[in-house]
There are 2 protein chains.
Amino acid sequence: MDFANYFPIWDKLNPEQQERILSVTDLRTVKAGTVLHDGSPECLGMLLVKSGQLRAYILSEEGREVTICRFFEMDICLFSASCVMPNMQFDIFIEAEKDTTLWVIPACLYQNLMDESLPVSNYSHNLITNHFSDVMWLMEQIMWKSFDKRLAAFLLEESNLEGTNALKITHEKIANHMGTAREVVTRMLRYFQSEGMVRLTRGTVIIENRKALKNLQG
Amino acid sequence: MDFANYFPIWDKLNPEQQERILSVTDLRTVKAGTVLHDGSPECLGMLLVKSGQLRAYILSEEGREVTICRFFEMDICLFSASCVMPNMQFDIFIEAEKDTTLWVIPACLYQNLMDESLPVSNYSHNLITNHFSDVMWLMEQIMWKSFDKRLAAFLLEESNLEGTNALKITHEKIANHMGTAREVVTRMLRYFQSEGMVRLTRGTVIIENRKALKNLQG
């Protein structure tokens, strides 16, 4: 088990604490599309990604989604450990975007470590601050940036993540990331197409003019 | 100095730490309208409100504001201590909404305490989580709630805070709280007036039908 290589503050734990973590933490593999955490108060625990990709999102009563942040190799997600964050009164969903291998550290163990270990407590503080910063960034985008800029930024991010200009993604899925309706995405993509920035085929958005998208995203 | 009665984890500090805090923390009184923190990387420190009212807000490049959260008696604000939150990459402004008396705990001292005291570290973790929860709530409002519901909720909150149905507040000021343009606020308030929910006079919004506003806010 190479958990020790992935967990950033492993060396700051004492042998007894390390032992305790290894005895209860398990490595899981989940298929793309699996919902790991469904916003229920049930506390899954802290997630540490070994490989793959997760996304955290919120969901409106009408079923509209918006992606809050994404987690990649070596990233740690605390949103699934709501009991470690006692005052969090919002529901977060976590889904595997790709086939993902991850460690699940039970929340009760993590809570105990936080209560007894200053490095763990300070580390968690930093993690929360990171998550917080992501959310503030997103809120500023939503508040101040027009939808065309946000969509351009999203397409470029996807393209970087997938390492291709031909994005296999539906308009529905893009809408779910961005917290808007499918029609709004379709309309804007058609506008992008008319401007020669993308080309649309069934189930695919092909980036044709990267530079124009970059200029647009601002 | 009754700082000890206001600082929630005072009893969890050792005498030397208590002494250190008292020696560098000062009590300030600021007038309503004073901007305590202007989004610059300069690190003011942690604020503990003795009396009065603060608000934290973000600002767009075009000068539009949106209120993130408010702080009242005994509340602690960490947004002004960006150096304690190393990964925060957004600019927060803090303004006194009323004449306010507050303690300022220098950031460097607070950082030292966090590094050496588990109770301080855990307490900070909880504070950040609280701030975070406020922001998530706000984002959900902005994403999913229509503006009429948000405005109804804002008027009721103001009315509760001020203990009156006659709110002395300009449309401009409401717009600044809600991250929108003054015209949008004016239009919606006129609609509320036509529905008999409020009455508008110069510089004042009078709540006429509390129940209708409550129903609207949902």
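Here we summarise the structure given alongside this text. (Residues numbered from 1 in each chain as written. Chains lettered and ligands numbered in written order. Predicted model: local features only at pLDDT ≥ 70, side-chain atom pairs only at ≥ 80, totals over all residues.)

**Quick look at the overall build of chain A**
Okay, so step 1: Regarding its fold elements, chain A presents 8 helices and 11 strands.
Okay, so step 2: C-alpha extents for chain A along the principal axes are approximately 60 × 35 × 30 Å.
Okay, so step 3: Counting all 218 residues of chain A, 33% fall into the buried class.
Okay, so step 4: Excluding contacts between residues fewer than 6 apart, the proportion of contacts in chain A whose partners are at least 24 apart in sequence is 68%. (Helix = DSSP H or I, 4+ residues; strand = E, 2+ residues; numbered from the N terminus. Buried ≥ 20, exposed ≤ 12 C-beta atoms within 10 Å, placed from the backbone. Contact = placed C-beta atoms within 7 Å.)

**Some remarks on helix α7 (residues 182-194) of chain B**
Residues and elements named next belong to chain B.
Okay, so step 1: Over its 13 residues, α7 runs 18 Å from end to end, which matches the ideal 18 Å to within 8%, given 1.5 Å per residue.
Okay, so step 2: Of all the residues in α7, the buried ones are V185, M188 and F192. Seen from one end, α7 has its buried residues packed into an arc of 75°, which puts them on one side. Of the exposed residues in α7, those oriented more than 90 degrees away from the buried face are E183 and S194.
Okay, so step 3: Looking at the buried positions of α7, the neighbouring elements they touch are α5 (147-162), α6 (171-178) and β10 (198-201).
Okay, so step 4: Downstream of α7 by a residue or two, G196 has a phi angle that is positive, lying close to 75°. (Expected span 1.5 Å × (residues − 1). Arc of directions from axis to C-beta.)

**Notes on the relation of the copies chain B and chain A**
Okay, so step 1: Once turned by 180° and shifted 0.0 Å along the axis, chain B lies on chain A with an RMSD of 0.0 Å. The superposition of one copy onto the other is thereby described by a two-fold rotation axis.
Okay, so step 2: Most of the interface of chain B is mirrored in chain A, where 100% of its interface residues are also at the interface. (Least-squares fit on C-alpha atoms with pLDDT ≥ 70 in both.)

**Focus on the interface of chain B and chain A**
Interfaces are frequently sized by the accessible area removed from exposure as the parts join.
Okay, so step 1: Taken together, the 31 residues of chain B in the interface contact 32 residues of chain A.
Okay, so step 2: With 19 residues, the top contributor of residues to the side of chain B that touches chain A is helix α4 (residues 118-144) of chain B.
Okay, so step 3: Its residues placed into classes, the side of chain B that touches chain A shows 17 nonpolar, 12 polar and 2 charged. (Nonpolar A, V, L, I, M, F, W, Y, C, P; charged D, E, K, R; others polar.)

**Some thoughts on the environment of B:V120**
Okay, so step 1: Here B:V120 is to be found in helix α4.
Okay, so step 2: Separated by 69 residues in sequence, B:V120 and B:L189 place their C-alpha atoms 45 Å apart.

**Considerations on unusual backbone geometry**
Okay, so step 1: At A:M74, a residue that is not glycine, the phi angle is positive and equals roughly 75°.
Okay, so step 2: Mapped onto the elements, A:M74 comes out in the loop between β5 (65-71) and β6 (76-77).

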